[in-house]
Amino acid sequence: MEDNKLNNILTPTIPVQTIQPQPVPTPLKTNQSNDIPSWLAPVNRTKMAIAAGYLGMFAILIFPAPISMLVGILALVGLKKHQEKIGKGRAWFGTIMGILGTGVIIWAIIANITHK
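Residue indices begin from 1 for each chain and proceed along its sequence in written order. Per-residue local features of the predicted model are confined to residues with pLDDT of at least 70, and side-chain atom pairs are confined, for both listing and counting, to 80 or more; whole-chain, interface and lining totals are unaffected and use all residues. Excluding hydrogens and water, the side-chain figures rest on all heavy atoms present in the structure.

(A) Region of the structure containing the packing of helix H2 (residues 47–58) against helix H4 (residues 88–115). For helices, the axis comes from a line fit to the C-alpha atoms of the stretch in contact; other axes are also lines fit to C-alpha atoms, and the angle between any two N-to-C directions lies between 0 and 180 degrees. Helix and strand labels come from DSSP, where a helix needs a run of H or I of at least four residues and a strand needs a run of E of at least two; each type is numbered from the N terminus. As a packed pair, H2 and H4 sit with axes 7 Å apart at the nearest point and diverge in direction by 40 degrees. For the element pair H2 / H4, the angle class is oblique. Crossing of H2 over H4 shows left-handed handedness. Of H4, the residues touching H2 (which contributes Ala49, Ile50, Ala52, Gly53, Tyr54, Gly56 and Met57) are Arg90, Ala91, Phe93, Gly94 and Met97. Ten residues, namely Ala, Val, Leu, Ile, Met, Phe, Trp, Tyr, Cys and Pro, are considered nonpolar, four, namely Asp, Glu, Lys and Arg, are considered charged, and the remaining ones, Gly among them, are considered polar. Counted by class, the contact of H2 with H4 contains eight nonpolar, three polar and one charged residues. Small angles under 35 degrees read as roughly parallel and large ones over 145 as roughly antiparallel, with 65 to 115 read as roughly perpendicular and the rest as oblique. Should the near helix be turned counterclockwise from the far one by less than a right angle, the crossing is left-handed, whereas a clockwise turn marks it as right-handed. Contacts between residues were defined by any pair of non-hydrogen atoms, one from each residue, lying within 4.5 Å.

(B) Representation of the environment of Leu100 in the model. Here Leu100 shows up in helix H4. The exposed category is assigned to Leu100, whose relative accessible area is 53%. For the pair formed by Leu100 and Met69, sequence separation is 31 residues and the distance between their alpha carbons is 8.9 Å. The buried label applies to any residue whose accessible area, calculated with a 1.4 Å probe on protein chains only, is under 20% of its type's maximum; exposed applies above 50%, and partly exposed to all values in between.

(C) Representation of H2 within the structure. Given the number of residues in a helix, its expected span is that number minus one, multiplied by 1.5 Å. Compared with an ideal rise of 1.5 Å per residue, which puts twelve residues at 16 Å, H2 spans 17 Å between its outermost C-alpha atoms and is within 8% of the ideal. Here H2 has its buried residues at Ala49, Ile50, Ala52, Gly53, Leu55 and Gly56.

(D) Structural context of the packing of helix H3 (residues 65–81) against H4. Interaxial distance between H3 and H4 falls to 7 Å at its minimum, and their mutual angle equals 150 degrees. Looking at the two axes, H3 sits roughly antiparallel to H4. Helix-helix and strand crossings are classified by hand; for H3 and H4 the assignment is left-handed. Where H3 approaches H4, its residues Ala65, Pro66, Ser68, Met69, Gly72, Ile73, Ala75, Leu76 and Leu79 are matched on the opposing element by Lys88, Ala91, Trp92, Gly94, Thr95, Met97, Gly98, Ile99, Gly101, Thr102 and Ile105. Looking at side-chain class alone, the contact of H3 with H4 contains twelve nonpolar, seven polar and one charged residues.

(E) Fine view of the nonpolar core. Only buried Ala, Val, Leu, Ile, Met, Phe, Trp, Tyr and Cys residues count toward a nonpolar core, and they belong to the same one when joined by side-chain atoms within 4.5 Å. Within the largest apolar cluster, five residues are counted, these being Ala49, Ala75, Leu76, Leu79 and Ala91. With three residues, H3 is the largest single contributor of residues to this core. Not counting the four nearest positions on each side in its chain, Ala75 is found in contact with Met48, Ala49 and Ala91.

(F) Main features of the environment of Asn44. Summarising the element assignment, Asn44 is placed in the loop between strand E2 (36–37) and H2. For Asn44, a relative accessible area of 39% translates into the label partly exposed. Taking the C-alpha atoms as reference points, Asn44 and Gly87, separated by 43 residues in sequence, lie 8.1 Å from one another.

(G) Structural detail: the confidence of the model for the protein chain. Confidence scores here are pLDDT values: one per residue, from the predictor, ranging 0 to 100. Mean pLDDT over the protein chain works out to 78, with 70% of the residues at or above the 70 mark. Mean pLDDT across the elements of the protein chain bottoms out in strand E1 (residues 30–31) (47) and peaks in H3 (92).

What follows is the structure in structure tokens.
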């Protein structure tokens, strides 16, 4: 009996761990025709949201800024009507960049008038 106790003390017991399989990550929604991620390609977005996004990018050039603001607002209104469509990010980007660019235009006009 004493040999059995001594053997249990000298022999370490290693706990057995079970390995759980890792969950497989779900892929991004893609455009089935050519597997482009939906956050990159303008899939299932309104045309106004797409236009607002691109006009917002070009609003840095100042000239398309008022158009970007207008198209962005129209896109947001259109997206409210068509809840199944996506593109709010592009529409908000176009609206915000349009507001900023239009503000710069207004500031430049006021500065030019008051400078004379």
